[in-house]
Amino acid sequence: MNLPIHFLADAPPEVEHPPGIIAETCRHLRRNRARHLAHQTTESLITLLCGVAAEWLQPENKFRRHALEHGPAAAGFSRATLERGLDGFFRQFTPENFRALLAQEFGDARRLEGFAADATGKKSIVVAPELLTHICAGNIPNPALMSITLGVLLRSAQFVKCANGASLLPRLFAHSLHEADRHLGGCIEIAEWSGGNTALEEILFAEADCITATGSDETIAAIRAKLPVGKRFIGHGHRVSFAFVTGEVLSGPGITQLVARAAADVTAWDQHGCLSPHVIYVEDKGLVSAMKFAELLAAELERRETAEPRGGITVAKAAAIATRREIYALRAAHDPEATRIWRSAESTAWTVVFENEPRFQTSCLNRFIHVKTARDLE
């Protein structure tokens, strides 16, 4: 499929964007929003988004096919991992989910269209930014897709600046929105360039009403330092996550399903997301011990590697995994009751390390998971 050139990121990579193009694009987005998006109803936008998502879930959808064909090389994930991630994302697009989200955020979704009263009778209205700028990280695609989705619900024009080499999936999503409603598509811009392009970013930040950014703490700090005084900024920096498995669920019949769910969390986007667990704590009160849980998890990760292989990684990352494995192998040889390790044969595809102590340990990611004993959640 040859994508039409609707967005700056559709141009060949050798094409450079002069600063004047960025300024004119932002003004064009504002004009399109005022004409075509600002007066849309929330329900009409929910219906459109759910329709686009339903199309993405169809095997024959051209945007889905293009993503699965070219996405693995562009994003670094296997086709199966990419397919599961996109399906999980678009299955969340239901009218009920969107209404619940807006009610959670604003109390009453009608505040996006006009004044609405709360439980006390006090009336208020939500005033969204006319032009949102998103600075997107390149580790996983879903945050960029969700930023675009939320911007649509807010009726904001949007300029989405993708990390270098990471624009394919946001572009495909934007193209699918454009195909569903060309006027809405005209309120979105997708661009791609390397971070630190001061000439382009100064103009982009000056034109935006609000800037959101996702990335490392250093990236967030660097962007914040460049913003004009008083410019609204929402930064999402580095985060790490862990999982906790209670003794109650380890005493029931659903241990196989529980292990499968844990493996799904580890393999999702190859553990690159902020919600990907570095450690799984297993409460020491169930019929299944933490060591046994780790053993079962290793078997499940081995099975999943066949059906949903990990994406390719750099030599440096593979070396980091190999080095970490050797450290834990030595510890396991010295005291197998305190440390155990399970690992994929002849590859670094997956690793499970069990330790009988609760200190948090960051993972080197790429399906490298720690399982630790915990007395209780406290």
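In this text the structure is predicted, and so the values were computed from the model without any measurement. (Residues numbered from 1 in each chain as written. Predicted model: local features only at pLDDT ≥ 70, side-chain atom pairs only at ≥ 80, totals over all residues. Heavy atoms only, no water.)

> Explain the overall build of the protein chain here, please?
Regarding its fold elements, the protein chain presents 13 helices and 12 strands. Relative to a compact globule of 378 residues, whose C-alpha radius of gyration would be 21 Å, the protein chain shows 23 Å and is just as compact. Along the first, second and third principal axes, the C-alpha atoms of the protein chain reach 70 × 55 × 45 Å. Looking at the 378 residues of the protein chain, the share that counts as buried comes to 47%. In the protein chain, the proportion of contacts linking residues at least 24 apart, taken out of those at least 6 apart, comes to 71%. A total of about 18,600 Å² of accessible surface is found on the protein chain, and carbon and sulfur atoms cover 54% of it. Here the protein chain holds 41 positive side-chain charges and 44 negative ones, and the gap between their average locations is 3 Å. (Helix = DSSP H or I, 4+ residues; strand = E, 2+ residues; numbered from the N terminus. Rg over C-alpha atoms; globule rule 2.2 N^0.38 Å. Buried < 20%, exposed > 50% of the residue type's maximum accessible area, 1.4 Å probe, protein only. Contact = heavy atoms within 4.5 Å. Areas by Shrake-Rupley, 256 points an atom, 1.4 Å probe, with all protein chains shown as cover. Lys, Arg positive; Asp, Glu negative; His and termini not counted. Charge placed at Lys NZ, Arg CZ, Asp CG, Glu CD.)

> Hey, could you run me through the sheet that holds strand β12 (residues 368–374) in this one?
Pairing between the strands of a sheet comes from backbone hydrogen bonds, and it takes one of two forms, parallel or antiparallel. Here we have five strands laid out as an open sheet, ordered β8-β9-β12-β11-β10, and mixed in their pairing. Edge positions in the sheet fall to β8 (241–245) and β10 (339–343), since each has one partner strand and no second. Across the sheet, the axes of successive neighbouring strands diverge by a mean angle of 20°, strand direction being ignored. Bridge count for β10 against strand β11 (residues 351–355) is five bridges, and the pairing is antiparallel. When the bridges of β11 are listed, I341 appears paired with V353. (Pairing = 2+ DSSP bridges. Axes fitted to C-alpha atoms, helices over the stretch in contact; angles between N-to-C directions.)

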